[in-house]
Structures are given as C-alpha cells and as structure tokens.
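Each chain, written out:
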Amino acid sequence: MKLFYYVDPLAYEPSMKKVREKFGMHQEVDEDKTILMLDDKSKIELVTGSYDPGHDEKALVRVVLIDATLKSFFDSVFGEPYRIK
C-alpha cells in the first residue's frame, strides 16, 4: 500500500522525526529529500519526504506499507492522504 501526503512545511521535520523515532528507522538526506528505512522491511518498506523551501508550498511524503494496519498511525502523523495506491 502506498500513501501520499501533503504536509505543512512547519510540521514536516517534526513529523518525520516522530516516525523515525517510533520505528527506529535509519535516515538518509539527499538535498531536499529525506529517506527513512528499516533493516526489516516486513512492515514498512520505505518513507520518503521532500521539501524545498525555495520552490515548494507544501512538503510531500510517500509511505510504502507492507502492514496496512499501520495506516492509522501515519494518518495521525501526516493527516489524511491525498492519494492511496
């Protein structure tokens, strides 16, 4: 399941930190993109976020879930997804 969120720029960093700390994820930062990963991909495959303050009005976050029961947690952190695949 892929979840796509628009996130307020002021909430972007704290929200990504909350997810990273809750699941003990590794973080990689590449310019305006943040990637959170786990060694064990049995529940969460990947969380990516991007925000460029010079060009973007909102931050974009994509969550790739293996365990669909975690959707409610991500919705509580990032809000309602604008798209679900």
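First, a word on what this report is: a plain description of the structure on this page. From a predicted model like this one, the values you see are computed outputs, not experimental measurements.

Cut-offs applied
By convention here, each chain's residues receive numbers from 1 onward along its written sequence. Whole-chain, interface and lining totals are the exception, using all residues; otherwise, since this is a predicted model, local features are given only for residues with pLDDT of at least 70 and side-chain atom pairs are given and counted only at 80 or more. Hydrogen atoms and water are omitted, and side-chain values are computed over all heavy atoms in the structure. A side-chain nitrogen of Lys or Arg and a carboxyl oxygen of Asp or Glu constitute a salt bridge if their distance falls within 4 Å. Helix and strand definitions follow DSSP, with helices as H or I runs of at least four residues and strands as E runs of at least two, each counted in order from the N terminus. Burial status follows relative accessibility: with a 1.4 Å probe on protein chains alone, a residue under 20% of its type maximum counts as buried, one over 50% as exposed, and anything between as partly exposed. In what follows, a contact means two residues having at least one pair of non-hydrogen atoms within 4.5 Å.

### Brief notes about the pattern of salt bridges
According to the stated counting rule, one finds two salt bridges in the structure shown. A salt bridge links Glu21 to Lys17; the nearest nitrogen and oxygen atoms lie 3.9 Å apart. Here Glu21 and its partner Lys17 are both found in helix α1 (residues 9-23), four residues apart, which amounts to about one turn of the helix. As a salt-bridge pair, Lys71 and Asp75 come within 2.4 Å of each other at their nearest N and O atoms. Pair noted here: Lys71 and Asp75 are both in helix α2 (residues 71-78), with a separation of four residues, about one helical turn. Taken as a pair, Lys71 and Asp75 share a single burial class, namely buried.

### Considerations on the environment of Phe74
Take Phe74: it is sitting in helix α2. Through-space distance from the C-alpha of Phe74 to that of Leu60 is 13 Å; in sequence the pair is 14 residues apart. In this structure, Phe74 is in contact with Tyr5, Val19, Phe23, Ile44, Val47, Val63, Leu65 and Gly79, ignoring residues within four places of it in sequence.

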